[in-house]
Amino acid sequence: MVRAGRDAVPPSTRRFMARARQRRMRAALPWAVAAGVLAVLGLVAWTVLGTGLFGVREVRVEGADLVTPVQVHDAVGVPDGVPLAQVDLAAAARRVGSLPAVERATVSRDWPGTLVVRVTERTPVAAVPQGEVFVLIDRSGTAFRTVDRRPADLPQVTVARPAVDDPGTRAALEVLVALTPRLRAELVDVNVAGLARISLRLRGERTVIWGDASRGTDKARVATALLDEKTDRIDVSAPDVVTFR
C-alpha cells in the first residue's frame, strides 16, 4: 500500500521546503517592517498636518509693551485650530513686523498648540511736534507713535514731515548722533528750517547755529568747548572759524 500525505514526503524534501519558507519569510520581513513604518508615519503626518489635534490654540507674545497682545494676535493672522505645522512662520513674522511700533519680530512653534511671537519694539530717539501732538521717531526716522506731550527724556526735533525718506529728518538724526554727552544734556530742540539751516536750541535760551549736517563731530566738539562762555548764540556752521555773541 502507498502511504499518502505528510508521511509520503521524504524527510529531506520536508527540510528543504521548510528552509524555503524561512527564506521567503526573511525576505519579506524588511518589506513588512517598511510598510508598517510608512503606515505609522502616514498616520502621524495626517494627525499633525490634517487634523486640529495639534492646531493653534494660543498666541503667546513676548517683549511687547507699545503694542497689545490683541494687536499682535490680529497681525499674526492665523485662525485658531489651524494645524501648527502648516503655519508659515516667516510670513507671520513679517505681518507682525509691519506694525508701526515693531522694529522686528520672530515667530516660532511651541508644541502642541502655541505660536510664540517675540517682538522687538522701536526705541524713540526724538519727539517731533505735529500740531498739538508729538510724533516719536526711532533712529531710522520711522514715525511710530503719537503722544500728547513730549517725553521729558527725549529731545525735540522740528521738521516739516518726519519720515524715513525725509532729508530733513535724516539730517536731524545725523546731528543727534554727533552730539557730545554734555551738548546732548543741554539740548532742547534740533530745528531743521532747511538742509543748510539747522540750529540747536539749548537750555537757558541759547542757540547753536549748526548749518548743514556735515562735519558734525567737529561742530559738536567746538560747540561743547564754548558752552561755558557767556553767550546766547554760537555759530559753528564753519567749525574752523567760530563766532559767538
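Look a little higher up for the structure.
In this text, all values refer to a predicted model and were calculated from it rather than measured experimentally.

### Digging into the overall build of the chain
And then number 1: For the chain, the count of helices and strands is six helices and twelve strands.
And then number 2: Counted over contacts in the chain with a minimum sequence separation of 6, partners at least 24 positions apart contribute 44%.
And then number 3: Accessible surface computed for the chain: about 14800 Å², of which carbon and sulfur atoms make up 57%.

### Looking at the side chain of aspartate 235
And then number 1: Residue position: aspartate 235 is located in strand β11 (residues 233-235).
And then number 2: Although aspartate 235 is buried, it forms no salt bridge, and the closest oppositely charged side chain is arginine 233 at an N-O distance of 4.3 Å.
And then number 3: In this view, aspartate 235 contacts Ile209, Val241, Val242 and Thr243; residues no more than four positions away in its chain are not counted.

### Considerations on the environment of lysine 230
And then number 1: Assignment of secondary structure puts lysine 230 in the loop between α6 (216-225) and β11.
And then number 2: Linking lysine 230 and arginine 245, residues 15 residues apart in sequence, is a C-alpha distance of 8.1 Å.

### Concerning the nonpolar core
And then number 1: Core analysis: the largest hydrophobic core is formed by 28 residues, its most contacted members being Leu183, Val190, Leu200 and Trp210.
And then number 2: For this core, the secondary structure elements donating two or more residues are β4 (126-130), α4 (167-178), β8 (187-192), β9 (198-202), β10 (206-211) and α6.
And then number 3: If you tally residues by element for this core, the top one is α4, at five residues.
And then number 4: When sequence neighbours within four positions are dropped, the list of residues in contact with valine 190 reads Gln156, Val157, Thr158, Ala172, Val175, Leu176, Ile198, Ser199 and Leu200.
And then number 5: One finds Val56, Val67, Leu136 and Phe144 within the second-largest nonpolar core, a separate group that totals 26 residues.

### A word on the pairing of strand β3 (residues 114-121)
Consecutive side chains of a regular strand alternate in pointing toward one face of the sheet and then the other.
And then number 1: With respect to burial, β3 is a largely interior element, six of its eight residues being buried.
And then number 2: Pairing between strand β1 (residues 58-62) and β3: five bridges, direction parallel. If you follow glutamate 62 over to β3, its bridge partner there is arginine 118.
And then number 3: Pairing of strand β2 (residues 102-110) with β3 involves eight bridges; the strand directions are antiparallel. Bridged to arginine 109 within β3 is leucine 115.
And then number 4: Hairpin remark: β2 followed by β3, antiparallel, with three residues in the connecting loop.

### Digging into the sheet that holds β2
And then number 1: Spatially, the three strands line up as an open sheet ordered β1-β3-β2, and their pairing is mixed. Each end of this open sheet is capped by a strand with a single partner; those strands are β1 and β2. Averaged over all neighbouring strand pairs, the angle between strand axes comes to 20°, with direction disregarded.
And then number 2: Packing against the sheet, helix α2 (residues 69-76) makes contact with β1 and β3, and its axis sits at approximately 120° to β1.
And then number 3: Contacts from helix α3 (residues 89-97) reach β2 and β3, with the element oriented near 150° to β2.

Rules behind the numbers
Residues numbered from 1 in each chain as written. Predicted model: local features only at pLDDT ≥ 70, side-chain atom pairs only at ≥ 80, totals over all residues. Heavy atoms only, no water. Helix = DSSP H or I, 4+ residues; strand = E, 2+ residues; numbered from the N terminus. Contact = heavy atoms within 4.5 Å. Areas by Shrake-Rupley, 256 points an atom, 1.4 Å probe, with all protein chains shown as cover. Buried < 20%, exposed > 50% of the residue type's maximum accessible area, 1.4 Å probe, protein only. Lys, Arg positive; Asp, Glu negative; His and termini not counted. Salt bridge = Lys/Arg side-chain N within 4 Å of Asp/Glu carboxyl O. Core = buried A, V, L, I, M, F, W, Y, C linked by side-chain atoms within 4.5 Å. Pairing = 2+ DSSP bridges. Axes fitted to C-alpha atoms, helices over the stretch in contact; angles between N-to-C directions.

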